[in-house]
Amino acid sequence: MTTEMQEIAITEEKPLLQGQPDPAKDAEAAARILLDQGQEHSIETPHGLLHVTLHGTSNTRRPAILTFHDVGLDSKSCFSPLFKFEEMQEIVKNFTLVHIDAPGQEEGAASYPMGYQYPSMEQIAEMIPAVLTYFNFRSVIGVGVGAGAYILSRFTMAHPDSVEGLVLVNIDPQARGWMDWAAQKITTLTSSLTEQILSHLFSQEEMSANADLVKSHRDRISKAPNLINIELFWRGYNSRRDLIIDRTSNFKCPVMLVVGDQAPYEEAAVECNSKLDPTTTSFLKMADAGGLPQLTQPSKLTEAFKYFIQGMGYMASSVMTRLSRSRTTSLSSSYSMEGERERSRTLSQSSQGGQMPPSPSHTMEVSC
């Protein structure tokens, strides 16, 4: 018996040597790192430099999502947990994300010298148009927390055509009154800067119930190398002027107010809601949430943000999950149509119940 053997030549079209990098995979990995870490920019403005981090591309027809953080935080500590949340990725992939750090508040910022004249809240708001010009943004959806909510409100009032929507967390539009000023003076004498800022970020109930979160922020603030910068921002916020808000002369875009039912500024947010146009305002009160709902309850805030964006005409095919699957979500809404009629309703949503109305065309209060 004979066995015939045939020699078969096997060729490789694009042979790769062992250990040779794959350009396609390297490019993909680099893109992922860039998307996660963002592109950092220092932008010149009429009142100094602003540190801005861009995620995604500025070449988009949709408005960019522009964020502004609160006192005692920077853009990373204020917003990273929210925008890195799993269910938020659907939004992140569809919009350019821009994080603004208040002057001198970014991680690694050099401390300002003694006697430095820090910009006022109004001046910081005047710095934002330079950011839009730098990236060639036609419009944005603003997301602000605390002091950042106040600053974005100022910017929106001055540049209504540049803002398509506004999400304000823990907004306090009122300036400090004489009683507040006196109490602040006493607090300054008896409490450290760190404790003053913590009382701004957290309620007393939250300080007791969420000790680990409070401790992490206490350590971060007290050990910050640019603590003088944080103090200047804090002083500037306490010296803010009233936001003139009424139903005939206020925001020209849809607004969603967000506050936790245990937040220090719950009453201020409720008061602000009463002054806004009910046909363009949504009011979200989050149950069992304190001063930083974007950190403690990112799932609920993400879901509400998706509804808000849908009401603006974007992401119409997005599937809502969390709120509609929650065990019970009570929704009470009231609205007026041209001042001729008013009605209120209460909906109870079980795991198989309906969804919240996606349109921001009426005022709604949600406890979830």
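In case you missed it, the structure is sitting above this.
These notes cover the structure that comes with them. Residue numbers run consecutively from 1 along every chain, following the written order of its sequence. It should be noted that, the model being predicted, local features are given only for residues of pLDDT at least 70 and side-chain atom pairs only at 80 or more, the latter also being counted only at that level, while totals for whole chains, interfaces and linings use all residues. As a rule here, side-chain values cover all heavy atoms of the structure and leave hydrogens and water aside.

**Description of the pairing of strand E2 (residues 48-55)**
Whether a residue is buried, partly exposed or exposed follows from its accessible area with a 1.4 Å probe, protein chains only, as a fraction of its type maximum: under 20%, in between, or over 50%, in that order. Secondary structure elements follow DSSP: runs of H or I of four or more residues count as helices, runs of E of two or more count as strands, with numbering from the N terminus. A large share of E2 lies buried, amounting to 6 of its 8 residues. Between any two strands, at least two bridges found by DSSP are needed for them to pair. The turn linking strand E1 (residues 39-45) back onto E2 is made up of 2 residues. Relative to strand E4 (residues 97-101), E2 is paired through 5 bridges, and the arrangement is antiparallel. Bridge pairing in E4 places valine 52 opposite isoleucine 100.

**Some words on empty space enclosed by the protein**
Using a grid of 1 Å spacing that covers the protein atoms alone, one calls a set of points a cavity when a 1.4 Å probe fits there but cannot get out, and a pocket when the set is open and has protein on both sides within 12 Å along at least five of seven lines; lining residues are those with an atom within 4 Å of a point. Grid points are joined across faces, edges and corners, and a volume is the space filled by probe spheres set on the points. In this structure the tally under the stated criterion is 3 cavities of 30 Å³ or more. Around the largest cavity, the lining residues are Phe79, Leu82, Phe83, Met88, Val143, Val145, Val167, Val169, Gln294, Leu301 and Phe305. Of all the secondary structure elements, the ones that give two or more residues to the lining of the largest cavity are helix H2 (75-83), strand E5 (140-145), strand E6 (163-169) and helix H13 (298-311). Here the lining of the largest cavity gets 3 residues from one element, more than from any other, and that element is H2.

**Considering the nonpolar core**
Side chains of nonpolar character tend, in soluble globular proteins, to be buried together. Here, nonpolar core refers to any group of buried Ala, Val, Leu, Ile, Met, Phe, Trp, Tyr and Cys residues whose side-chain atoms link them within 4.5 Å. Grouped together as the largest cluster of nonpolar side chains are 93 residues, with contacts concentrated most on Phe83, Ile128, Phe233 and Phe305. Among the elements that make up this core, the one with the highest residue count is helix H4 (residues 121-135) (9 residues). We call two residues in contact when some of their heavy atoms are within 4.5 Å. With residues near it in sequence (within four places) discarded, phenylalanine 305 still touches Ile65, Phe83, Met88, Ile91, Ile141, Val143, Val167 and Met256.

**Details of the pattern of salt bridges**
Should a side-chain nitrogen of Lys or Arg be within 4 Å of a carboxyl oxygen of Asp or Glu, the pair is scored as a salt bridge. Here the structure, examined in full by the defined rule, presents 10 salt bridges. With a closest N to O distance of 3.2 Å, glutamate 122 and arginine 241 form a salt bridge. Here arginine 241 lies in the loop between helix H10 (227-238) and strand E7 (255-260) and glutamate 122 lies in helix H4, a separation of 119 residues in the sequence. By relative accessible area, which is 53% here, arginine 241 ends up exposed. Residue arginine 240 is joined to aspartate 172 by a salt bridge in which the shortest nitrogen-to-oxygen separation is 3.0 Å.

**Considering the packing of aromatic side chains**
Pairing of aromatic rings covers Phe, Tyr and the six-membered ring of Trp, with a centre-to-centre limit of 6.5 Å; geometry is then stacked below 30 degrees between planes, edge-to-face above 60, and tilted otherwise. Enumeration over the complete set of coordinates arrives at 8 aromatic pairs. On the basis of an interplanar angle of 45 degrees and a centroid distance of 6.2 Å, the ring pair of tyrosine 118 and phenylalanine 233 is categorised as tilted. Of the two residues, tyrosine 118 sits in the loop between E4 and H4 while phenylalanine 233 sits in helix H10, which places them 115 residues apart along the sequence. Whether a charge sits over a ring comes down to the Lys NZ or Arg CZ being within 6 Å of the ring centre and within 35 degrees of the ring normal. In this structure, arginine 62 is placed above the aromatic ring of phenylalanine 95, and the distance from its NZ or CZ to the ring centre is 5.2 Å. For arginine 240, the ring lying beneath its charged end belongs to tyrosine 237, and the centroid distance is 4.1 Å.

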